[in-house]
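Fold and geometry: a report
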Amino acid sequence: MGARAPLSREIACAAQAIEALAAGRSLQSAVEAALDDGLEPASRAAIRDIAYSTCRQLGLVRELARRVNSRPPPPRLAALQWVALAQLVEPLRAEGIIVDQAVAAARLEPGGAAVAGFLNATLRRFVRERDALLAAARRKDEARWNFPDWWIAQLRAEQPQAWQSILEVGNAPPPMTLRVNLRQGSVDDYLASLAGAGRGARRVGPQAVVLDEPCAVDALPGWREGRVTVQDAGAQLAAPLLDPQPGERVLDACAGPGGKTTHLLELADCRVTALDVGEARLRPVRENLARLGLGQPGGPGHPAIVLAGDARRPADWWDREPFDRILVDAPCTASGIVRRHPDIRWLRRRSDLATLSRQQSEILAALWPLVRPGGKLLFATCSVFGAEGESVIDHFLASRRDARRLELFWRFDADTAEPVSQLLPVAAPTRNHDGFFYALLERRP
C-alpha cells in the first residue's frame, strides 16, 4: 500500500465534493467524482470522512464562516473554508497543521496568494476566538442542530415532545445492522459466527443484529454465501408486517435496491414481482437475489420476476392477474434515514413534501386496483413527516369505500407488542432503528 496523499490534497478533494453538494448534487456521487485514480485507499477513506464530517456540521460551519468573513467568498473557496472549519471545531485537533494544509490547498486555486491569504486570516481568527464564535453561532437553530430551519420547524410542529431527540439521532453515526437469513441458520448461530470472527454484536429484532463496530461487508461471516443482508432494523418490519404466505402472488413496488424483496422471499415461498423504474435501480435487486440464493431457478421458493416499470402506470407492465399482497415502499424525502445519508437534509426543500406526497398518492391509487378482494397492501415511507404518512393514508381512505386500515403491532422487546404507524428514529442499546411510516390496508371483498 502506498503512502497517503498530502493532507492539503485530501482537503481539496473533500472541498470539491462539498462544493458539489452545495450546488445540489448528492454527497455520495460528489465524493466519488472527487476521488481520482491516483489516490491510495487510505486517502480515499480520509476524503470520505472529511466530506461527511463537514456535511454533518454544515449548518454550523456556514454560520461560522458568515461571522469571520468580511465578504462572501466564491463557491470553491467557501467549500474549502467550510471543510477546514469542520476540522477545527474540536479544540484538540492539530490546529496549525489543519490551517497550514487548508491554506496550501487554497494556493492551488485561481487567485493563488490572495485566496490563501483570505483563508489563512479567517481560519486563524476562528482559532483565536473559537469559544465566542461557537457560542454566537449556536444561537441560530440551523447552526445548533445542523438541519435547515424549515426542517426543524416542521418537526417542532409535528413532534413537540420528540423533535429534539429526532434531530439528535439524525446527527449520530448510524449503526451497521444486519438481517440474518433464517433459511441459512438462526440468529443465535450467526451471533456465534460473529463472535468467532472477533466481532461483537447484539440482537435488536427477530432477524436483526447490530454490530458493535461497522466493518466491510466482505469481512462478515457468510456474506458471500447469503447468510446476512445489511438492512436497518426499522426497515426489517416491512416484510413481516405484510406477512406473505406460501404460494401468494406479491408485488414489491419501488423495489430497489432489493432489501425488502429478498426479505419477503426469506419469510415465505411466495411469488414475488420486484418492480422499479429502470435497470439502474433493478441491478442491485438482481445482485441481492443472486447472492442470497432466493427466488432463483433451482433455489428455494418460486423464481422472482424483476420488472422495469412505473408504479403509477400499471397498464404498461401488469399482466392483469391480481396480487394477494402489495408492498408500496414509496419515494419520499428520506427524512427518517438522514443519519445514513446526511446530505438529504441540505438537498431537500419544504416544497418537496407536497411534491412527494402527491406522487405517493398517485402510486397508491394506481396500485390499489391490482389488489385482489380480501388482499392487503402495506404502504411504507422512510419519512418522519406527516405529509408523507398519515396525510396520504387519510386522503386515500376518505375516497375509497373498499379499503380499510388494519392495526399494526410489533414486539420491540420480548414482552410488549406496541402499535406501529409512525416509527420515530431511536438510538438505544436494545432498540436502534431509523424512522419509518407503515400503514396496512385491506381491500374489502
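Fair warning: this is a prediction, and the values are worked out from it, not measured in the lab.

Of regular secondary structure, the chain possesses 18 helices and 16 strands. The globule rule puts the C-alpha radius of gyration for 445 residues at 22 Å, and the 24 Å found for the chain is close to it. If one aligns the C-alpha atoms of the chain with their principal axes, the spans along those axes are about 75 × 50 × 45 Å. The proportion of buried residues among the 445 residues of the chain is 53%. Residue pairs in contact within the chain that sit at least 24 positions apart in sequence constitute 71% of those at least 6 positions apart. Taken as a whole, the chain presents about 19200 Å² of accessible surface, with 51% of it coming from carbon and sulfur.

A few words on the pattern of salt bridges. Taken as a whole and assessed by the stated rule, the structure comprises 37 salt bridges. Here D434 ties to R340 by a salt bridge, and the two come within 2.6 Å at their closest N and O atoms. One end of the pair, D434, is in the loop between β15 (431-433) and β16 (436-443); the other, R340, is in the loop between β8 (323-329) and α16 (344-347), and 94 residues separate them in sequence. A salt bridge links D402 to R443; the nearest nitrogen and oxygen atoms lie 3.5 Å apart.

Attention now goes to the environment of A311. Position of A311 relative to the elements: it lies in the loop between β7 (305-308) and β8. By relative accessible area, which is 6% here, A311 ends up buried. Separated by 84 residues in sequence, A311 and H395 place their C-alpha atoms 19 Å apart. For A311, the contacting residues outside a window of four places in its chain are A253, L275, W317, I363, A366 and L367.

Moving on: helix α4 (residues 58-68). The element α4 is extensively covered by neighbouring structure, given that eight of its 11 residues are classed as buried. Among the residues of α4, L58, G59, L60, V61, E63, L64, A65 and V68 are the ones counted as buried.

What follows covers unusual backbone geometry. That bond from G256 to P257 is cis: its omega, 5 degrees, falls within 30 degrees of zero. Within the secondary structure, P257 is located in the loop between β5 (249-253) and α14 (259-267). Even without glycine at this site, N146 takes up a positive phi of about 60 degrees. Considering the arrangement of structural elements, one finds N146 in the loop between α9 (141-145) and α10 (149-158). Of note, the phi angle at D243 is positive, near 55 degrees, even though the residue is not glycine. The exposure class assigned to D243 is partly exposed, which follows from its relative accessible area of 40%.

Turning next to the packing of α10 against helix α11 (residues 163-171). Packing of α10 against α11 leaves a shortest axis separation of 8 Å and a crossing angle of 135 degrees. Between α10 and α11, the angle is such that the two are oblique. Along the contact surface, α10 presents W151, I152, L155 and R156, while α11 presents W163, I166 and L167. Counted by class, the contact of α10 with α11 contains six nonpolar, no polar and one charged residues.

Spatial ordering of the open sheet is given by β2-β3-β1-β4, a layout of four strands whose pairing is antiparallel. The open sheet terminates on both sides in strands that have one partner only, identified here as β2 (201-203) and β4 (228-230). Strand-to-strand twist across the sheet, computed as the mean angle between neighbouring axes with direction ignored, equals 30 degrees. For strand β1 (residues 177-180) and β4, the ladder comprises three bridges, and the chain directions are antiparallel. Opposite L178, over in β4, you have V230 as the bridge partner. Sheet contacts for helix α12 (residues 187-196): β1, β2, β3 (208-211) and β4; angle to β2, the most-contacted strand, approximately 170 degrees.

What counts and what doesn't
- Residues numbered from 1 in each chain as written.
- Predicted model: local features only at pLDDT ≥ 70, side-chain atom pairs only at ≥ 80, totals over all residues.
- Heavy atoms only, no water.
- Helix = DSSP H or I, 4+ residues; strand = E, 2+ residues; numbered from the N terminus.
- Rg over C-alpha atoms; globule rule 2.2 N^0.38 Å.
- Buried < 20%, exposed > 50% of the residue type's maximum accessible area, 1.4 Å probe, protein only.
- Contact = heavy atoms within 4.5 Å.
- Areas by Shrake-Rupley, 256 points an atom, 1.4 Å probe, with all protein chains shown as cover.
- Salt bridge = Lys/Arg side-chain N within 4 Å of Asp/Glu carboxyl O.
- Axes fitted to C-alpha atoms, helices over the stretch in contact; angles between N-to-C directions.
- Parallel < 35°, antiparallel > 145°, perpendicular 65-115°, else oblique.
- Nonpolar A, V, L, I, M, F, W, Y, C, P; charged D, E, K, R; others polar.
- Pairing = 2+ DSSP bridges.

Any link to function would need more than the numbers given here.
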